[in-house]
Amino acid sequence: MKRLHIIIGVTLTLSTTGARAQSQVRDSTLNRTVVVEQEYNPTISDAVKVNAVPRVLPPTAVKQQAEYDIQAQPADNVPAGIMPVYTMPEAWKRAGLGFVRLGYGNNGNLDAAAALDWLSPGKNDRLTARIQLDGMNGNLKIDDADVRQVMQRDTWGAYRYHTHADADYTHLFPKLTLTLGGNYDLHNFNYLSYPQSARSRLTSNDVHLELRSTGDNPRISYHAGVTFASYKRQDADIINEHNWLFSGGMSVRLSPEQCVGVDAEVKLITTSLDNRQVVDLTPYYQFGNRAWRIRLGLHTDFSSGGGRGFNPAPDVTATYSVAKGALLYAQAKGGRVLNDLRRLEHLSLYGNTTLSAVADAHQMPGYSYERINAAVGFKATPTDGLWFNLYLGMQAWYQDILLQKEYTNISDGYYTGTAELPGYTLRTGLAQADTRNLYAGGELRYAYKELFTLTADAVYRNWKLTGGEEAATDRSYLLSFKPLLEANVRADVRPVPALLLTAGYHHISRNDANAYNAVSNLYVSGSYQITNALSVYARFNNLLNSHYSYRPG
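The model shown is predicted, which means the values in this text are computed figures rather than measured ones.

Criteria and cut-off values
Residues numbered from 1 in each chain as written. Predicted model: local features only at pLDDT ≥ 70, side-chain atom pairs only at ≥ 80, totals over all residues. Heavy atoms only, no water. Helix = DSSP H or I, 4+ residues; strand = E, 2+ residues; numbered from the N terminus. Contact = heavy atoms within 4.5 Å. Areas by Shrake-Rupley, 256 points an atom, 1.4 Å probe, with all protein chains shown as cover. Pairing = 2+ DSSP bridges. Salt bridge = Lys/Arg side-chain N within 4 Å of Asp/Glu carboxyl O. Buried < 20%, exposed > 50% of the residue type's maximum accessible area, 1.4 Å probe, protein only. Polar contact = N/O pair within 3.5 Å; in protein donor to acceptor, adjacent residues only side chain to side chain. Core = buried A, V, L, I, M, F, W, Y, C linked by side-chain atoms within 4.5 Å.

Helix and strand content of the protein chain: five helices and 25 strands. The long-range fraction of contacts in the protein chain, counting pairs at least 24 apart against all pairs at least 6 apart in sequence, stands at 59%. When the accessible surface of the protein chain is summed, it comes to about 32,200 Å², and 58% of that surface belongs to carbon and sulfur atoms.

Written out as structure tokens, the structure is:
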């Protein structure tokens, strides 16, 4: 990645002519039902004389409570002339139907996006949609001498095209929310400069349906959903994957401060290599008042294929408000991670799924299981504009996915004339082992009005291999690519309301600094708002012209 990347573009915001923010639904005023009774039932004593005025006892009345209609009424039911809605000027500017964005830079860098956010006048229907295209296409230098010899040139045409589109429709029933949506993702790329398996194509799709109960503090809440997802990985081999996910849950409010519930998931995974099923169940108890927020849960799951059958893990969080703007918290979590094709893509675009003892036998890696991820921390806002978070924790994995360099003979299947040329190049190999890491980190954010904002975060991890075989043999090279120190620093400056300037630095050092250069990305960007609906922007990445890898190989 020894290149300076520049993107310059323009953003256009689509407005709805302010109709959404100002629309009022004409309705009746607030209703009040008041019942006040004062009974007057005088008791007349026996008459001593016919013409005598009877003695009247003081009136007695049965005490009646006043009954009020306490049902909440939407704010837009109140006539605007009586109680106008208060909205800050910035919120009026942000109210829009969506945006379109287009940018182009060096090395064929493309940045294009469009979004739609439509809300019905009655606010019972909402449609959101987004499409995004980004990529690059340019000649990059070949660093490996063997690859240059095979290809007989110093550069190769690298490219990456990524297309993503999604849409969600939501309808609000009186006490139920219905959501229906889908996603489409296509990734074409050629990150490797040697011929075989250099070109890859990843396709991912899914559709989902969810029902969720709504209401003001209901005694019983529930949700249910179903998702079907498909995935296709096409490089030297073609692997297909189809996933069904059924999810649901219910909670019962015992009191204003307590509730109990259970969440459940069923995953059915079918690939070209194997079939797997997972059932997850998490019962929990929650308590909350002004000072405490506590969740006590137990995550249990059972799987067939891909790892151990039954696994428990904690699902516990607790927060305590020690003072205004200060919070102590602790957590202990865990659970199974599906090493499906989607996760393998996230870990490595060229990850090799050959994990069996036989070199030519392909199989999906076994599931990884986070045995525990425990942490304690402190969050506080000591003064206006300042916020920080400090934490310390420990994480333990069973069958963690580990990335490593894997040497491949680049002459396999590639000839120049009739002569086969020798040489090797790097790919990404996947391995699995039990790991543990101790981590410490923090976050900081400071904002001065709307003129200046500083954000920073960092986390340091100390990795170890665990288990009998890993402890007895020297396999520390498996941890080479694990992140050691991750840090981000960013400053935003707004000298005038229409201009925003940003400078930042992203750093990732690996567990083996000799094997992998640290990520060192210094970047700047800026945007200028020409009108309320039109702005221009520019980004400059890798200003230090550093040579590093986000993925091995």
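With seven bridges connecting them, strand E2 (residues 98-105) and strand E3 (residues 110-119) associate as antiparallel partners. Bridging across to E3, Gly103 finds its partner in Asp111. If you look at the hairpin formed by E2 and E3, you'll find four residues sitting between the two strands, and Asn107 has a positive phi there, around 55°.

Enumeration over the complete set of coordinates arrives at 15 salt bridges. The residue Arg101 makes a salt bridge to Asp111 at a minimum N-O spacing of 3.1 Å. In this pair, Arg101 sits in strand E2 while Asp111 sits in strand E3, placing the two residues 10 residues apart along the sequence. Here Arg101 falls in the partly exposed class, since its relative accessible area comes to 24%. Taking relative accessible area as the criterion, Asp111 reaches 4% and is therefore assigned buried. With a closest N to O distance of 2.8 Å, Lys333 and Asp315 form a salt bridge. Separated by 18 residues along the polypeptide, Lys333 in strand E14 (residues 326-337) and Asp315 in strand E13 (residues 310-323) bring together distant segments of the chain. Judged by relative accessible area, Lys333 falls into the partly exposed class, the value being 29%. Using a relative accessible area of 11% as the deciding quantity, one classes Asp315 as buried. Three or more residues joined by partner-sharing salt bridges are found here, namely Arg101, Asp111 and Arg539.

Look at Lys449: it is not a glycine, yet its phi comes out positive at around 50°. If you trace the backbone, Lys449 turns up in the loop between strand E20 (424-448) and strand E21 (452-466).

Where strand E9 (residues 238-255) lies against strand E10 (residues 258-271), 14 bridges are found, and the strand directions are antiparallel. Paired with Gly248 across the bridge in E10 is Ala264. Between E9 and E10, which pair antiparallel in sequence order, lie two residues. Pairing of E10 with strand E11 (residues 275-288), which is carried by 13 bridges, proceeds in the antiparallel orientation. In the sheet register, Val260 faces E11, and the bridge partner there is Tyr285. From the end of E10 to the start of E11, which pair antiparallel, there are three residues.

This brings us to the side chain of His171. Its place among the elements puts His171 in strand E5 (residues 155-172). Reaching out from His171, the side chain makes a polar contact with the backbone oxygen of Asn124 at a distance of 3.4 Å. In this structure the side chain of His171 is engaged in a polar contact, spanning 2.7 Å, whose partner is the side chain of Asp125. Setting aside residues up to four positions removed in sequence, His171 forms contacts with Asn124, Asp125, Leu176, Thr177 and Leu178.

In this structure, Leu341 and Leu403 are the most contacted members of the largest nonpolar core, which totals 16 residues. Those elements giving two or more residues to this core turn out to be helix H4 (341-347) and strand E17 (386-409). The dominant element in this core, judged by the number of residues it contributes, is H4, at three residues. Apart from the residues lying within four places of it in its own chain, the contact partners of Leu403 are Leu347, Ser348, Thr428, Gly429, Leu430, Leu478, Phe481 and Pro552. By size, the runner-up hydrophobic cluster in this structure holds seven residues, among which are Ala431, Ala433, Trp463 and Leu478.

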